[in-house]
Amino acid sequence: MGPKSDPASRSPALSPLGLWNPLQVASQFQSPLGHDFKSLAQVPFGLQEKQLLQGPVKPLDWRYPTVPEVQSELVENFPMRQPVTPGSIAVQCGENRVLVEVQQDLFSNGQLIQPTGLSLGGCPVVGQDPESRVLIFEYELQDCNSVLMMNEDELVYTFSLTYTPEALAGTPITRSDGAIVGVQCHYQRLQNVSSDALRPTWFPYASTKAGEEVLLFSLKIMMDDWSYQRPSYTYFLGGVINIEASVKQYNHVPLRVFVDRCVATQVPDVNSLPRFSFIENHGCFVDAKTTVSSSRFMPRSQVDKLQFQLEAFMFREGNSPSIYITCILKATIASAPSDAQRKSCSFANGWSAADGNDQVCGCCDSTCGPDGEFAASPYGGLWNPLQVASQFQSPLGHDFKSLAQEPFGLQEKQLLQGPVKPLDWRYPIVPEVQRELAVDFQLRQPVTPSSVAVQCGENRVLVEVQQDFFSNGQLIQPTGLSLGGCPVVGQDPQSRVLIFDYELQNCISLLMMNEDELVYTFSLTYTPEALAGIPITRADGAIVGVQCHYQRLQNVSSDALRPTWFPYASTKAGEEVLQFSLKIMMDDWSYQRPSYSYFLGDVINIEASVYQYNHVPLRVFVDRCVATQVPDVNSLPRYSFIENHGCFVDAKTTASSSRFMPRSQVDKIHFQLEAFMFHEGNSLSIYITCILKATIASAPSDAQRKSCSFANGWIAADGNDQVCGCCDSTCGPDGEFAASPYGGW
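The shown structure was predicted, so the numbers you read here are calculated from the model rather than taken from an experiment. (Residues numbered from 1 in each chain as written. Predicted model: local features only at pLDDT ≥ 70, side-chain atom pairs only at ≥ 80, totals over all residues. Heavy atoms only, no water.)

Asks: I'm lost on the state of the cysteines in this one. Help?
Replies: One way to say it: the disulfide is the covalent bond shared by the sulfur atoms of two cysteines. Tallying each qualifying case throughout the model produces 12 disulfides. Covalent S-S linkage joins Cys-363 and Cys-368, the inter-sulfur distance amounting to 2.0 Å. Judged by the torsion about the S-S bond (105°), the Cys-363/Cys-368 disulfide is right-handed. Taken individually, Cys-363 and Cys-368 each receive the classification buried, so the pair is uniform in this respect. Between the sulfur atoms of Cys-708 and its disulfide partner Cys-724 the distance amounts to 2.0 Å. Between Cys-708 and Cys-724, the S-S torsion sits near -90°, and that sign places the bridge as left-handed. Placement of the pair is Cys-708 in strand S42 (residues 708–710) and Cys-724 in the segment after strand S43 (714–716), with a sequence separation of 16 residues. (Disulfide = S-S within 2.5 Å. Buried < 20%, exposed > 50% of the residue type's maximum accessible area, 1.4 Å probe, protein only. Helix = DSSP H or I, 4+ residues; strand = E, 2+ residues; numbered from the N terminus.)

Asks: It is not clear to me how the packing of aromatic side chains should be interpreted in this structure. Could you clarify?
Replies: What characterises a pair of aromatic rings is the spacing of the ring centres plus the angle enclosed by the ring planes. The final tally for this structure, using the stated rule, is 18 aromatic pairs. An aromatic cluster of at least three residues, connected via ring pairs, comprises Phe-276, Phe-278, Phe-285, Phe-297, Phe-308, Phe-313 and Phe-315. One Lys or Arg, Arg-300, reaches over the ring of Phe-258 and ends 5.2 Å from the middle of that ring. Lying over the aromatic face of Tyr-598, Arg-593 brings its terminal NZ or CZ to 4.0 Å of the ring centre. (Phe/Tyr/Trp six-rings, centres within 6.5 Å; stacked < 30°, edge-to-face > 60°. Lys NZ or Arg CZ within 6 Å of the ring centre and 35° of its normal.)

Asks: What exactly am I supposed to notice about the nonpolar core here?
Replies: When a protein is soluble and globular, its nonpolar side chains tend to lie buried together. Among the nonpolar cores identified, the biggest contains 31 residues, and Val-259, Phe-278, Ile-279, Phe-297 and Phe-308 are the most heavily contacted of them. Breaking this core down by element, the ones donating at least two residues are strand S13 (216–222), strand S14 (240–248), strand S15 (255–265), strand S16 (275–279), strand S18 (305–311) and strand S20 (324–333). No other element matches the 5 residues that S15 contributes to this core. Residues in contact with Phe-278, not counting those within four places in the same chain, are Cys-262, Val-263, Ala-264, Cys-284, Phe-285, Val-286, Asp-287, Phe-308, Leu-310 and Ile-325. (Core = buried A, V, L, I, M, F, W, Y, C linked by side-chain atoms within 4.5 Å. Contact = heavy atoms within 4.5 Å.)

Asks: What exactly am I supposed to notice about the sheet that holds strand S38 (residues 659–660) here?
Replies: Hydrogen bonds between backbone atoms are what pair the strands of a sheet, whose relative direction is either parallel or antiparallel. The 4 strands lie next to each other as S34-S35-S39-S38, forming an open sheet whose pairing is antiparallel. In this open sheet, the two strands that pair with only one neighbour each are strand S34 (579–585) and S38. Sheet topology note: the S34/strand S35 (residues 603–611) ladder contains 7 bridges and is antiparallel. Residue pairing across strands places Leu-582 opposite Ala-608, the latter belonging to S35. (Pairing = 2+ DSSP bridges.)

Asks: Even after reading the chapter, I still don't get the environment of Ile-113, so can you show me in this structure?
Replies: Relative to the assigned elements, Ile-113 resides in the loop between strand S4 (97–103) and strand S5 (118–120). When the C-alpha positions of Ile-113 and Arg-133 are compared, they lie 9.9 Å apart, and in sequence the two are 20 residues distant. For Ile-113, the residues in contact, after removing those within four places along its chain, are Gln-103, Gln-104, Leu-106, Leu-118, Leu-135 and Tyr-163.

Asks: Looking at this structure, how should I read the side chain of Lys-693?
Replies: By the secondary structure assignment, Lys-693 is in strand S41 (residues 687–696). A polar contact is formed between the side chain of Lys-693 and the side chain of His-645, at a distance of 3.5 Å. Reaching out from Lys-693, the side chain makes a polar contact with the backbone oxygen of Gln-704 at a distance of 3.0 Å. (Polar contact = N/O pair within 3.5 Å; in protein donor to acceptor, adjacent residues only side chain to side chain.)

Asks: Just checking my understanding: could you explain unusual backbone geometry for this structure?
Replies: The bulk of non-glycine residues show a negative phi, and the bulk of peptide bonds are trans. Of note, the amide linkage connecting Leu-273 to Pro-274 takes the cis form, showing an omega dihedral of -5°. Residue Pro-637 is bonded to the preceding Leu-636 through a cis peptide linkage, with omega at 0°. Structurally, the position occupied by Pro-637 is in the loop between strand S36 (618–628) and strand S37 (638–642). One non-glycine residue, Ala-655, lies in positive phi territory at about 55°. The topology assignment puts Ala-655 in the loop between helix H7 (650–654) and S38.

Asks: What's the story with the pattern of salt bridges in this structure? I'm lost.
Replies: Side chains that carry opposite charge are capable of pairing whenever their charged atoms lie near each other. As enumerated under the stated definition, the model contains 14 salt bridges in all. Note that Glu-140 and Arg-97 form a salt bridge whose closest N and O atoms lie 3.9 Å from each other. Here the residue Glu-140 occupies a position in strand S7 (residues 134–140), and Arg-97 occupies one in strand S4, the gap between them amounting to 43 residues. Note that Lys-330 is salt-bridged to Asp-260, the shortest N-O span being 3.0 Å. Taken together, the residues span a long stretch of sequence, with Lys-330 in strand S20 and Asp-260 in strand S15 at a distance of 70 residues. Taken as a pair, Lys-330 and Asp-260 share a single burial class, namely buried. Salt bridges sharing partners connect three or more residues here, namely Arg-97, Glu-138 and Glu-140. (Salt bridge = Lys/Arg side-chain N within 4 Å of Asp/Glu carboxyl O.)

Asks: What am I meant to see in the sheet that holds strand S3 (residues 89–93) here?
Replies: Taken in spatial order, the 4 strands make up an open sheet running S3-S4-S7-S6, and their pairing is antiparallel. With one partner strand each, in any of the chains shown, S3 and strand S6 (127–129) form the two edges of the open sheet. The mean angle between the axes of side-by-side strands here comes to 20°, regardless of whether they run parallel or antiparallel. Summarising the sheet, S3 and S4 pair through 5 bridges and their orientation is antiparallel. Bridge pairing in S4 places Gln-92 opposite Leu-99. (Axes fitted to C-alpha atoms, helices over the stretch in contact; angles between N-to-C directions.)

Asks: Would you take a moment to explain the pairing of strand S29 (residues 510–513) for this structure?
Replies: Within a regular strand, side chains alternate between the sheet's two faces. Here S29 runs beside strand S30 (residues 517–526); their pairing, made up of 4 bridges, is antiparallel. Its bridge partner lying in S30, Met-512 is registered against Val-519. Between S29 and S30, which pair antiparallel in sequence order, lie 3 residues.

Asks: How should the pairing of S7 be read in this particular structure?
Replies: Examined bridge by bridge, S4 and S7 share 7 bridges and lie antiparallel to one another. If you follow Leu-99 over to S7, its bridge partner there is Glu-138. Sheet topology places S6 next to S7; 3 bridges connect them, and they run antiparallel. When the sheet's bridge partners are listed, Gln-128 is paired in S7 with Leu-135. The turn linking S6 back onto S7 is made up of 4 residues, and Arg-133 within it adopts a positive phi angle of 55°.

Asks: Quick question: what am I supposed to make of the confidence of the model for the chain here?
Replies: Low pLDDT means the predicted coordinates in that region are not meant to be read closely. Residues of the chain with pLDDT of at least 70 account for 68%, and the chain-wide mean is 74. Contacts of residues 191–199 to residues separated by more than four positions or lying in other chains number 15 contacts, the stretch itself having pLDDT below 50. (pLDDT = per-residue confidence, 0-100.)

The following block contains the structure:
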């Protein structure tokens, strides 16, 4: 096998910025050599021909030119700038209203926000002062989704002031951060707000104490031996999550706790989609029956605790690997027997109860009673990674509960007859329970799949994959497995093996060539499917690289090859390799920047360069650049910020400070890009793909080889502003972004 000549003369090419290397570039240049000169280059395939072996022939020892490795210089002790909390908000709390004033320069960076992007708990701006550039909200305390909290001394109304940036006109990007700022109004509870006294309704202390007793429910993730709370909420798919539900009764009669219902969602809202109800129907653990999992209630060892195991899963559709679990807990008197609406039933070839009373599980395949709605709970939150909305049914009847003192309902006004002792009633205080966490907890590491066998033939590849792909006893489905997009072609049911058999050039194979070998690379991809009828999966996805290596130096012909001889100098010139690069630099351009993290509105310093080695001196140009959220340059959304053969259109389109810097070296061009993000999408990352060109340094710039910036008009980095005259029209045909021999996949 021989090399291909003159790779530098191929069609324009690209590579994404940050695919395998955090800053990648697929480089393209226009050769300074004319067609007559290039025709002198040796073309090993085109000009060589077979002849009969006349005698010993010296082996052909031609090699691809070696590209010298260039070491990147990174600055040491690089400090990352820290984000600044917005400080341009004023709040005034009235007797029943709140007034919020927000500076339009919210982030104190000179960029004015739009009123349409700002809201107070969903309520829009009601006024604006153009002179002082202030946006005004004025609403009642109960409006705008306010949250009322009450502690021992205060009433606190909390609002969320939210700024959501809008995309810049005509583009899919934004250069402003979003923000959520908490706004609170505090009111003292112990002020005397009436000239009349309050007459308490007196009942015996014991009954009041019983009625106001606080039950503290909890839901904890535990270690494998249930001895300590687990310090990490990270699991691998197929792992078992140990969960403990409990009730602290303090001065109450002994209670038994039950898990009535549990639902899993991707966000804290239990009504969101997708969602998966794994315990329902008043304590039926339906997950094991629905998904054939190992989930179950453990045999009960304490009446005030209930332990259960849930096999880890994730949602098939969606953008988050996190799972929010919301449960309703019940507590009844410990001496009362379990029944259809208070039970803990698991499925394993039939229903069985954790308490041993299996008869109560007979309704799990039908209906065990009416289900209420998931609602807010005074005992649980919605922000802990394992969340629980807790509810209990009191063992006390209505007559007994009516004895409880109701401070607001049963008290009434009377005329002040004389000195009255102040009412010192307080809400019961919930004792604080200390959490015990395991010490020296070790998180299990993922295991690379090892159930793949590969056989490389002369022109085909055979891949065999065990259906027990992850060696965990779970068989994968053939429909979820592909080799570079090619499906399974055969299956051995007895040995549970899936088979691929394709030619080397098929299945999106990638051919790479080094000094000694030809290497064909395939991607074996497993994409788990959702379990039948539900939106979850319990199998990890995986991508496994498959390679076939073939020696280049073997003699595969009985006939000799007659080289076509040309002068060494012309062959060297024709086969010269130019190395292009694109680097993110420090503010003084002295070193490559070690971090690719930026805040919106920051300036990104980028250096494009060409290494010419034995070539004549060259000048480098940035022809086009496009930004995307993924490495595919054809994906949406995307934003072209340099186009039309070197016109930096970003500054004109978004009124940014982006520009080419005045050129100081012909083989380097510096430019600054004001940081942005896409307004739509789920990723904060930006992939930048550029096409670079190189021409003879002595050749003048022209309409298709230029570096033009916009600042009240077009100007060239080389000083020849006339070549920028076409930037508002068309400077020549644009090629397509395509695969590159220098970078990318």
